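Fold and contact review
Here's the letter readout for the chains.
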Amino acid sequence: MFRNFTDRRDEEDRMKKEGRLPPGQSLTQKFPVLHYGPVPPFNPATWDLRAWGEVEQEVRWTWDQFQQLPRTTVSMDLHCVTKWSKFDTAWEGVSVKTLVDEGLIRLKPEAKYVVQHAEYGFTVNLPLEVMLAENFLLATHFNGEPITPDHGYPLRGVVGYIPEREDLPTPYLWKGAKWLRSLEFRATDKPGFWEQAGYHNEADIWKEQRFGRY
Ligand SMILES: Nc1nc2c(c(=O)[nH]1)N[C@H]1C(S)=C(S)[C@@H](COP(=O)(O)O)O[C@H]1N2
Ligand SMILES: [Mo]
């Protein structure tokens, strides 16, 4: 117990020195689970992921088709608005930027914002430029294993801080939807589930944009 406590504090001090601990955050070695409502079931026969809205053509991938898409890995620090941070997490999945670059999603010039739609009607909004950056991934795997059901299996959006990439806007972890089912490209912004409940619209981890302003 004491041993774990000192390990945690040592790690936290190291991250602070490296400039990787945002204001008000503390390091956890666990992976807390946070969401509203129940964990949905997954049926690979009926699951799909859709891209719609301000696109030249709507796209729909079945689970089998989604497995064939080009894959990307990224390591990021996760920062939850409830003040825990988890460092050096390894994710694998599909990058939205790759889908756009390869013409698999053809955006209209009007597309400026994206709403992630998840099972049971959960939504979360981001500017398009954030979703197209290297620190946002449509993730199927965490630390080499399929994401567990409570963390979003089979697919979640995940967003975090890539060390030394201060150039990339980094929002809190709630800006990635677990159990993701579609991406709605929009000309205008639209606050999602937590944003409507009073969470900050931009959610920048370095500016401590937790609650209050939309
Ligand atoms: N579908 C869905 N995704 C969600 C949420 C939710 O309520 N429903 N909550 C968000 C919040 S508030 C957080 S902090 C992260 C937590 O991810 P984790 O449970 O993997 O730590 O998921 C985000 N994604
Ligand atoms: Mo959260």
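Residues numbered from 1 in each chain as written. Chains lettered and ligands numbered in written order. Predicted model: local features only at pLDDT ≥ 70, side-chain atom pairs only at ≥ 80, totals over all residues. Heavy atoms only, no water.

1. Remarks on the pairing of strand β5 (residues 84-94)
- Counted residue by residue, β5 has eight buried out of eleven residues, so it is predominantly covered.
- In this sheet, β5 lies alongside strand β4 (residues 72-79) in antiparallel orientation, the contact comprising seven bridges. Bridging from a neighbouring strand, His79 pairs with Ser85 of β5.
- Count of turn residues in the β4/β5 antiparallel hairpin: four residues, of which Lys83 carries a positive phi of about 90 degrees.
- Taken together, the four bridges between β5 and strand β8 (residues 136-142) define a ladder with antiparallel strand orientation. Bridge pairing in β8 links Trp91 to Phe142. (Buried < 20%, exposed > 50% of the residue type's maximum accessible area, 1.4 Å probe, protein only. Helix = DSSP H or I, 4+ residues; strand = E, 2+ residues; numbered from the N terminus. Pairing = 2+ DSSP bridges.)

2. Considerations on the sheet that holds strand β6 (residues 113-118)
- One open sheet holds the five strands; their spatial order is β3-β2-β11-β6-β7, and the pairing between them is mixed. Whereas interior strands pair on both sides, the edge strands pair on one side only; in this sheet they are β3 (59-62) and β7 (123-127). Direction aside, the axes of adjacent strands within the sheet are offset by 15 degrees on average.
- Two elements, β6 and strand β11 (residues 180-186), share six bridges in a ladder whose sense is antiparallel. Pairing of Gln116 across the sheet is with Leu183, part of β11. (Axes fitted to C-alpha atoms, helices over the stretch in contact; angles between N-to-C directions.)

3. Structural notes on the confidence of the model for the protein chain
- On average, the protein chain scores 96 in pLDDT, and the residues at 70 or more come to 98%.
- Of all helices and strands in the protein chain, the one with the weakest mean pLDDT is helix α1 (residues 2-17) (88), whereas β11 scores best (99). (pLDDT = per-residue confidence, 0-100.)

4. Here we look at the packing of aromatic side chains
- Evaluation of the coordinates by the stated rule reveals 18 aromatic pairs.
- For the pair Phe42 and Trp47, a centre-to-centre distance of 6.5 Å together with 80 degrees between the ring planes defines the contact as edge-to-face.
- In this structure Phe42 comes out as partly exposed when scored by relative accessible area, which is 22%.
- Taking relative accessible area as the criterion, Trp47 reaches 3% and is therefore assigned buried.
- Seen from their ring centres, Phe193 and Trp194 are 4.9 Å apart, and the 90 degrees between their planes marks the pair as edge-to-face.
- Relative accessible area serves as the criterion here: at 22%, Trp194 is assigned to the partly exposed category.
- Through successive ring pairs, a cluster of aromatic residues spans Tyr36, Phe122, Tyr172, Trp174, Phe193, Trp194, Tyr199 and Phe211. (Phe/Tyr/Trp six-rings, centres within 6.5 Å; stacked < 30°, edge-to-face > 60°.)

5. As for the side chain of Lys175
- For Lys175, the location among the structural elements is in the loop between β10 (156-159) and β11.
- Assessed through its relative accessible area of 0%, Lys175 is described here as buried.
- At 2.9 Å, the side chain of Lys175 and the backbone oxygen of Asn125 are in polar contact. (Polar contact = N/O pair within 3.5 Å; in protein donor to acceptor, adjacent residues only side chain to side chain.)

6. What about the site of ligand 1?
- Close contacts around ligand 1 come from 19 residues, with Pro32, Tyr36, His151, Arg156 and Lys178 the closest.
- Between an oxygen atom of ligand 1 and a side-chain N or O atom of Arg156, the distance comes to 2.6 Å.
- Gly176 places a main-chain nitrogen or oxygen 2.9 Å from a nitrogen atom of ligand 1.
- Within the complex, 98% of the 530 Å² of free accessible area of ligand 1 lies under protein.
- Looking at the shell around ligand 1, its residues break down into 14 nonpolar, three polar and two charged. (Near = heavy atom within 4 Å. Areas by Shrake-Rupley, 256 points an atom, 1.4 Å probe, with all protein chains shown as cover. Nonpolar A, V, L, I, M, F, W, Y, C, P; charged D, E, K, R; others polar.)

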